[in-house]
Amino acid sequence: MTRRMKLILAAGLGLAVVAGGTVAYAQQDASASLRASGKAGEQADGYMGVVGSAGADIRSQVDAVNIKRRAFYTDLAAKRGAKIEEVAATTACEIFASKVGPGQYYRGTDGVWHQREGSAPVPRPSYCG
C-alpha cells in the first residue's frame, strides 16, 4: 500500500467516523466492552477475534462487530476506489495505536495473541507507516 493510499484512507476514515455518528459510537462501545472482557481482541486485519476459547455469547458479539466493520469497510472502499482489505488494514493501524488498552489483547501479523503491558505501545504492523 502506497503512502498516498494510506493518507487517502486515513482521511476517509476520519470523515466516515464523524459522519457515522451514532452507528460508529455504538460499534466502538461494543468493541471496547469486548476488549475489556479479555475474551476478544483486535487483529492486524482490522477485525476482532476471540482470544482462546470463549462461549457462544462472546463469539456472537464478535461476529456482530465484524459484520458492522465489514459493511463500513466495504462502503468506504467503494467511495475511495480502494480494496476492502486496504481499508481494514488501515483501520487496524489506528485501532492498535489508540484503542487497545493496557491488559487488552491484540494479534499482530505473526498470528499470535499478545497482551498489552502497561503503557508500552502496541507494535503496529510494518504497513502502518
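Residues numbered from 1 in each chain as written. Predicted model: local features only at pLDDT ≥ 70, side-chain atom pairs only at ≥ 80, totals over all residues. Heavy atoms only, no water.

Attention now moves to the sheet that holds strand S2 (residues 48-50). Strand order in the open sheet formed by four strands is S2-S1-S3-S4, and the pairing between neighbours is mixed. Each edge of the open sheet carries a strand with a single partner, namely S2 and strand S4 (113-115). Each strand axis lies, on average, 40° off the axis of its neighbour in the sheet, ignoring direction. Pairing of strand S3 (residues 105-107) with S4 involves three bridges; the strand directions are antiparallel. Opposite Tyr 105, over in S4, you have Gln 115 as the bridge partner. Running over the sheet, helix H3 (residues 56-80) touches strand S1 (40-43) and S2 and is turned about 165° from S2. (Pairing = 2+ DSSP bridges. Helix = DSSP H or I, 4+ residues; strand = E, 2+ residues; numbered from the N terminus. Axes fitted to C-alpha atoms, helices over the stretch in contact; angles between N-to-C directions. Contact = heavy atoms within 4.5 Å.)

On to the state of the cysteines, then. A full pass over the atoms with the stated rule returns one disulfide. Each sulfur of the disulfide joining Cys 93 and Cys 128 lies 2.0 Å from the other. Across the S-S bond of Cys 93 and Cys 128 the torsion is about -90°, and the bridge reads as left-handed. Here Cys 93 is found in helix H4 (residues 84-98), whereas its partner Cys 128 is found in the segment after S4, with 35 residues between them in sequence. Owing to a relative accessible area of 8%, Cys 93 belongs among the buried residues under this scheme. Classification of Cys 128 as buried rests on a relative accessible area of 12%. (Disulfide = S-S within 2.5 Å. Buried < 20%, exposed > 50% of the residue type's maximum accessible area, 1.4 Å probe, protein only.)

On to the confidence of the model for the chain, then. Per-residue confidence for the chain averages 85 on the pLDDT scale, and 78% of its residues sit at or above 70. Ignoring residues within four places in sequence, the model shows residues 15-23, a span with pLDDT below 50, making five contacts including any to other chains. (pLDDT = per-residue confidence, 0-100.)

Core analysis: the largest hydrophobic core is formed by eight residues, namely Leu 34, Ala 40, Met 48, Val 50, Ala 54, Ile 58, Val 62 and Val 65. Counting residues per element, the ones that place at least two in this core are S2 and H3. Of the residues forming this core, the biggest block, three residues, is contributed by H3. Once residues within four sequence positions are removed from consideration, Leu 34 is found in contact with Lys 39, Ala 40, Met 48, Ile 58, Gln 61, Val 62 and Val 65. (Core = buried A, V, L, I, M, F, W, Y, C linked by side-chain atoms within 4.5 Å.)

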